[in-house]
Amino acid sequence: MIDRDRFPVDPWRLIETSYSEEGVGETLFSVGNGYLGLRGNHIEGRGAHEHGTFINGLHETWPIRHAEQAYGFAEVGQTIVNAPDAKIMRVYVDDEPMSFDEADVREYQRTLDMRTGVLERLVVWETPSGKRVRIRDERIVSFEERHLAILRLEVTVENSDAPVTISCQLLNRQDGGNVYAGTPVPAQKKKAAFDPRKAEKIADRVLEPAEYWQDGLRATLSYQVADSGMTVAVVADHIIETENEYSARQLVEPDIAKNVFRVQAKAGVPIRITKLVSYHTSRGVPPRELVDRCRRSLDRVAVEGVETQFRQQEKWLDAFWERSDVQIGGRDDVQQATRWCLFQLAQASARADGTGVPAKGVSGSGYSGHYFWDTEIYVLPFLTYTSPQWARNALRARVQMLPAARRRAAQLNEAGALFPWRTINGEEASAYYAAGTAQYHINADVSFALGKYVRATGDEDFLRREGADIAIETARLWATLGFWRGSRLVEEPGAGDGIETFHIHGVTGPDEYTTVVNDNLYTNVMARYNLRYAARIVREIQETYPEDYTRLVERTGLGSGEAEAWDRAAEAMFIPYSESLGIHPQDSLFLEREVWDLVQTPADQRPLLLHFHPLVIYRFQVLKQADVVLALFLQGNHFTPEEKRADFDYYDPLTTGDSTLSAVVQSILAAEVGYQDLAQRYFEQSLFVDLHDLHHNAADGVHVASAGGVWTALVCGFGGMRDYAGELSFDPRLPAEWPSLSFPLQWQGSVVQVTVTKDELQLRVRSGAPVPFTVRDVAYIATVDEAVVVPLADQGPLIPGRPTLRQFADALREDGTRLSASVPVITTAIPIIEPID
């Protein structure tokens, strides 16, 4: 799948052995910490897919102009801003620039070391006059110091004396246009003109200059974002170390600051320049105050020393890997890719510190820097079980969105709160309501993540002080969005007629190829969880912590009968089921649609969203991503093994995988029901979605949720871990070619190490209290003093091949009609021409 000559296998490093300016490399070699991200652009600062420096939450707003306006449509768009670029450190020898499109490059290697967090590049360049120049540069974005990036450059002319110039710059690329934006890389192939996954482009000026100055080797730029009013400042210090003679010059303008070093280099005598950069942002603090904050950050680093920062970075990562590393025996290629994914999760979330986790982290502008449901369903499980403080921070970001979410719910005539489908500042930014606002399930997703976090960590204090507000407000929305109806179609077989059921209409589930439907199964199942969870925690807080309950009532206006009403709605929630097909329909009308024949769909018409009008797609049974199958995983204790197998068999052939969120879920369920080879195939699709650019948009940034899903697929899919109802359990599905799988978990204050081999599962408590758990329904307790080793007779059921629609060839819908599959095609009507007499 990957060119291993260019990207050799190394379990701890991502290595590139040949130069490229294509955007995928910029993404793969990005460095960040969840607050600040530097794309993997080369220091020469010329050709690039996207010269990017991104700060989580730094955004611009603009009025959304709908072709046809309607009440309640999102009104204000938001997009991430490209912060001033500090990566530029251009090298000139004999006044000739080091430029890869012309240079005679004799050696090249770029390495992202995931143990140290250092991105390093080594280049040996021979000039036309025969001078051999060795260039080594490296950069980090500090995990310890949230606002700090460090870039180091060493230049040595190995075989001759020569004049060397190094131009270190700060550039406003957001507004620089052709002057500062760099040279775009020519497109390698024709692409679809429209792609909703890309960020919006703003034509007007975005960053309005504020304070800018030079003071010796310290340079400063600062701005106010034109419409959102946010402010940003960047300050850079420069340290030069060389035995060569040199001079330094400075230049500063509103959109550029230069520190230029002119060196009379002697053969073999190195020139070392260290660039210390600090960024600060705010939603209201004046730029001058941010400049002062940057200066203080750099002054502190000057006292501590640059080497200290690199040592702290490695120490920080030592601790991260100690609590996060998933070890896969005998597969260094899979190990390398897995660690790259886990490293991306750290880079996207570690120092988000109260902001959300953007869909692309801080590695690119894709999806405009927005936060989605991805965080709660795909990223927070990893954070909860390895770095619970980061999970808590992400949940607090949702708490802080509650005021805006309450306003949004009221605008849509509902009680409680409705979280935005996509946002940066808490307001809804999705202009297409059918695949945006209609995805009410985000409320249940957030509440689900809250429950998982509290269950796994025991952080009842957070729940009582803040988290319960999320559960209550989201439950209130379901109580008013849904409605009661007498029905003969009830969940329990054999139930009597006329039993009232609770329905939710006019919603969109995770599958965005089917929109605005009634009784979407995923939505109903997750809303049921949300209602039950809110009711339970309200009663528990009332009974156990009466003072906290009083404060909760004061904050939320909680009524005495609300919890009981939520329980009644949950118990009566309508769960659609087709007796004739023996499956759960994705929604009330899903099975009435025609079936899209994906096998016969040409590859050049994928993904469907770029080649077919939504109305065409909506008429068919075809899925962008797992929907029912995701519900089977998240709420698996409410479905039987037979139901899971039947549902998976039906929906897997209908799922396009056009979303990068799909394959991880399909992998987990495939492993559980027995399609072991298929599970591994789906897992590797997820694992290499960016490293091999499988969806052809990795250039726009890392697919952070897919990276989180890789961890879940390993731990829950192959490791078989579940935590239903707060009980830790395992039912492993280790791939046949893997000798072992080992991973740490944090569970209710204890740290455990789980190791699965072909013949046994071992659970060892590394620290903390004894941990009760089950393996295939048999109970055990492990302690620090005594690990538990459980023999395994097998790795679960084994089903060859994969599901196909052929098994439903003779199946009938409820109305007696037969299922048939087709591909929408354009047919041209031939006019009938009457003969002329």
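So, here's what we can say about the structure. (Residues numbered from 1 in each chain as written. Predicted model: local features only at pLDDT ≥ 70, side-chain atom pairs only at ≥ 80, totals over all residues. Heavy atoms only, no water.)

Our next topic: the sheet that holds strand S12 (residues 162–171). Sheet strands pair by backbone hydrogen bonding; their relative direction is either parallel or antiparallel. Pairing within the open sheet is antiparallel, and its five strands lie in the order S7-S6-S12-S18-S17. Each edge of the open sheet is held by one strand with a lone partner, namely strand S7 (96–97) and strand S17 (245–253). As paired strands, strand S6 (residues 89–93) and S12 are joined by five bridges and run antiparallel to one another. Counted as the bridge partner of arginine 90 is serine 167 from S12. (Pairing = 2+ DSSP bridges. Helix = DSSP H or I, 4+ residues; strand = E, 2+ residues; numbered from the N terminus.)

Running from N to C, helix H5 (residues 332–349) and helix H17 (residues 676–687) cross one another at 55 degrees; their axes reach a closest spacing of 10 Å. It follows from the interaxial angle that H5 and H17 lie oblique. Two packed elements cross with a definite hand, and for H5 against H17 that hand is left-handed. On H17, the residues touching Val334, Ala337, Thr338 and Cys341 of H5 are Phe683, Glu684 and Leu687. Taken together, the residues of the contact of H5 with H17 break down into five nonpolar, one polar and one charged. (Axes fitted to C-alpha atoms, helices over the stretch in contact; angles between N-to-C directions. Parallel < 35°, antiparallel > 145°, perpendicular 65-115°, else oblique. Left-handed = near helix turned anticlockwise from the far one by under 90°. Contact = heavy atoms within 4.5 Å. Nonpolar A, V, L, I, M, F, W, Y, C, P; charged D, E, K, R; others polar.)

Here we take up the pattern of salt bridges. Inspection of every chain in the model, using the stated rule, returns 66 salt bridges. Between glutamate 26 and arginine 39 there is a salt bridge, with its nearest N and O atoms 2.8 Å apart. Of this pair, glutamate 26 sits in helix H1 (residues 23–28) while arginine 39 sits in the loop between strand S3 (36–38) and strand S4 (53–63), placing them 13 residues apart in sequence. For the residue pair glutamate 26 and arginine 39, the accessibility class agrees, reading buried in each case. Close ionic contact of aspartate 333 with arginine 331 constitutes a salt bridge, the shortest N to O distance being 3.0 Å. Given a relative accessible area of 23%, aspartate 333 falls into the partly exposed group. For arginine 331, a relative accessible area of 15% translates into the label buried. Each of Glu120, Arg136, Glu138, Arg152 and Glu307 takes part in a single network of salt bridges with overlapping partners. (Salt bridge = Lys/Arg side-chain N within 4 Å of Asp/Glu carboxyl O. Buried < 20%, exposed > 50% of the residue type's maximum accessible area, 1.4 Å probe, protein only.)

Moving on: the sheet that holds strand S31 (residues 778–782). Overall, mixed pairing links the four strands, which are arranged S25-S26-S30-S31 in an open sheet. Both outer strands of the open sheet, strand S25 (721–722) and S31, are each paired with one neighbouring strand and no more. Strand direction decides the pairing type here: S25 and strand S26 (residues 729–730), joined by two bridges, are antiparallel. What sits directly across from methionine 721, in S26, is phenylalanine 730.

Attention shifts here to the packing of aromatic side chains. Where two aromatic rings form a pair, the distance of their centres and the angle of their planes describe that pair. Scanning all chains against the criterion turns up 35 aromatic pairs. When the ring of phenylalanine 683 is compared with that of tryptophan 738, the centres are 5.9 Å apart and the planes differ by 75 degrees; the resulting orientation is edge-to-face. Taken together, the residues span a long stretch of sequence, with phenylalanine 683 in helix H17 and tryptophan 738 in the loop between S26 and strand S27 (740–747) at a distance of 55 residues. Each member of the pair, phenylalanine 683 together with tryptophan 738, is buried. The interplanar angle of 80 degrees and the centroid separation of 6.1 Å between the aromatic rings of phenylalanine 730 and phenylalanine 773 together place this pair among those described as edge-to-face. Of this pair, phenylalanine 730 sits in strand S26 while phenylalanine 773 is found in strand S30 (residues 771–775), placing the two residues 43 residues apart along the sequence. The exposure classification of phenylalanine 730 matches that of phenylalanine 773, with both residues buried. Every member of this aromatic cluster is reached through a ring pair, and the members are Trp12, Phe143, Trp316, Phe320, Trp321, Phe343, Phe382, Tyr385, Trp390, Trp711 and Trp747. Over the ring of phenylalanine 310 we find arginine 152, and its NZ or CZ is 3.9 Å from the ring centre. The aromatic ring of tryptophan 12 is capped on one face by arginine 339, whose charged end is 3.7 Å from the ring centroid. (Phe/Tyr/Trp six-rings, centres within 6.5 Å; stacked < 30°, edge-to-face > 60°. Lys NZ or Arg CZ within 6 Å of the ring centre and 35° of its normal.)

To continue, consider the side chain of glutamate 376. Here glutamate 376 is to be found in helix H6 (residues 374–386). Given the relative accessible area of 3%, glutamate 376 is considered buried.

For helix H7 (residues 388–411), with 24 residues, the first-to-last C-alpha span of 34 Å sits near the 34 Å given by 1.5 Å per residue. Along its length, H7 reaches its greatest deviation from straightness, about 50 degrees, at leucine 402, and the proline proline 403 lies no more than four positions downstream. (Expected span 1.5 Å × (residues − 1). Bend = angle between axes of the 7 residues up to and from the residue.)

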